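# Close look at the chain arrangement
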Amino acid sequence: MQEANPTIESSWKAVLQEAFSSDSFRALQSFLQEEQKNSQTLYPPGHLIFSAFEHTPFHKVKVVLLGQDPYHGPGQAHGLSFSVPEGIPLPPSLLNIYKELEFEFGWPVSRKGNLKKWADQGVLLLNATLTVRAHQPGSHQKKGWEEFTDSVIRKLSEDRKGLVFLLWGRYAQAKAPLIDDTKHHILQAAHPSPFSATRGFFGCDHFKRANDLLITQGHSPIDWKIEH
């Protein structure tokens, strides 16, 4: 990432120019460069850090699904929250997401964890922190990513209308004050993690509810089905 000139999809680059020029983003860049100098293994690979933006340009966003950190195991993180590439076993939270889809629509639980199909339809699969050190969850929190992704949420709130924000768990729900709920729709539930899924994620009906909200506004619904 070059200063104020990262490789990112053009519509986002224009919208986020101020964020890229900020002191906190410069500090983040310095931190990441230091991590690399110290031979730390970071996920996702550099060319995939901004994948969520590449698949879902600013004016095509319909739904925002906010995660926390990228996965920290080898081969898992590829820049889309909750998603893993083909051939990677399903992480527990993603498995529970598929169980909720089975509950809502009756679809069998998929064995494929790549959610690119959602992103290409307008679901911004955004993690609050876009990088992580291998095997160290949370290791890149409070280094500047949160300020950057807060800017993403604010810009969507300010410049778009009628978006559906899916906020699962307390970490995501803490972002709710950034969203103008007179213009947008906020659906909140427990996190799909095994530690909390039974306390309000299962049965939340968020996939159906999100589509109902989109249809009501005259937008096409999201095809949430991931092939088995």
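This report concerns the structure included in the present document.

Rules used throughout
Residues numbered from 1 in each chain as written. Predicted model: local features only at pLDDT ≥ 70, side-chain atom pairs only at ≥ 80, totals over all residues. Heavy atoms only, no water. Core = buried A, V, L, I, M, F, W, Y, C linked by side-chain atoms within 4.5 Å. Buried < 20%, exposed > 50% of the residue type's maximum accessible area, 1.4 Å probe, protein only. Contact = heavy atoms within 4.5 Å. Helix = DSSP H or I, 4+ residues; strand = E, 2+ residues; numbered from the N terminus. Polar contact = N/O pair within 3.5 Å; in protein donor to acceptor, adjacent residues only side chain to side chain. Salt bridge = Lys/Arg side-chain N within 4 Å of Asp/Glu carboxyl O. Axes fitted to C-alpha atoms, helices over the stretch in contact; angles between N-to-C directions. Parallel < 35°, antiparallel > 145°, perpendicular 65-115°, else oblique. 1 Å grid on protein atoms, 1.4 Å probe; cavity = no way out; pocket = protein on both sides within 12 Å on 5 of 7 lines; lining within 4 Å. Points joined across faces, edges and corners; volume = space filled by probe spheres on them. Nonpolar A, V, L, I, M, F, W, Y, C, P; charged D, E, K, R; others polar. Arc of directions from axis to C-beta.

## Topic: the nonpolar core
Within the largest apolar cluster, 69 residues are counted, with the highest numbers of intra-cluster contacts made by Trp12, Phe53, Trp118, Phe148, Leu156 and Trp224. In this view, Trp118 contacts Leu65, Ile97, Leu101, Val123, Leu125, Phe207, Asp223, Trp224 and Ile226; residues no more than four positions away in its chain are not counted.

## Details of the side chain of Ser51
Its location among the elements puts Ser51 in helix H4 (residues 51-55). Polar side-chain contacts of Ser51 include one of 3.2 Å to the backbone oxygen of His78.

## Re the pattern of salt bridges
Following the criterion strictly, the structure yields five salt bridges and no others. Where Asp120 meets Lys116, a salt bridge forms, and the shortest distance between an N and an O atom there is 3.6 Å. In this pair, Asp120 and Lys116 both sit in helix H6 (residues 116-120), four residues apart, roughly one turn of the helix.

## Overview of the packing of helix H5 (residues 92-105) against helix H9 (residues 206-216)
Close contact between H5 and H9 brings their axes to 8 Å; oriented N to C, the two are set at 65°. The pairing of H5 with H9 is recorded here as roughly perpendicular in orientation. Each of Ile97, Glu100, Leu101, Glu104 and Phe105 in H5 lies in contact with H9, whose residues at this interface are His206, Phe207 and Lys208.

## Concerning empty space enclosed by the protein
Evaluation of the coordinates by the stated rule reveals two cavities of 30 Å³ or more. The space that makes up the largest cavity amounts to roughly 50 Å³. If you trace the largest cavity, you find it lined by Tyr98, Leu101, Glu102, Trp107, Pro108, Val109, Ser110, Trp224, Lys225 and Ile226. Considered class by class, the residues forming the lining of the largest cavity number seven nonpolar, one polar and two charged. Estimates place the volume of the second largest cavity at around 40 Å³. Contributing to the lining of the second largest cavity are Pro44, Ile49, Pro70, Gly79, Leu80, Ser81, Leu125, Leu126, Asn127 and Leu130.

## Notes on H9
Buried residues of H9: His206, Phe207, Ala210, Asn211 and Leu214, and no others. Buried residues along H9 cover an arc of 135° about the axis, so they all sit on one side. Here the buried face of H9 lies against strand S2 (63-67), H5, H6, strand S5 (164-168) and strand S6 (185-189). Looking one or two residues past H9, Gly218 carries a phi angle of roughly 85°, positive in sign.

## A closer look at the layout of surface pockets
Estimated volume of the largest pocket: approximately 670 Å³. When contributions to the lining of the largest pocket are tallied by element, the ones reaching two or more residues are S2, H5 and helix H8 (170-173). Ranked by residues supplied to the lining of the largest pocket, first place goes to H8 with three residues. Within the lining of the largest pocket, the residues separate by chemical class into 14 nonpolar, 15 polar and two charged.

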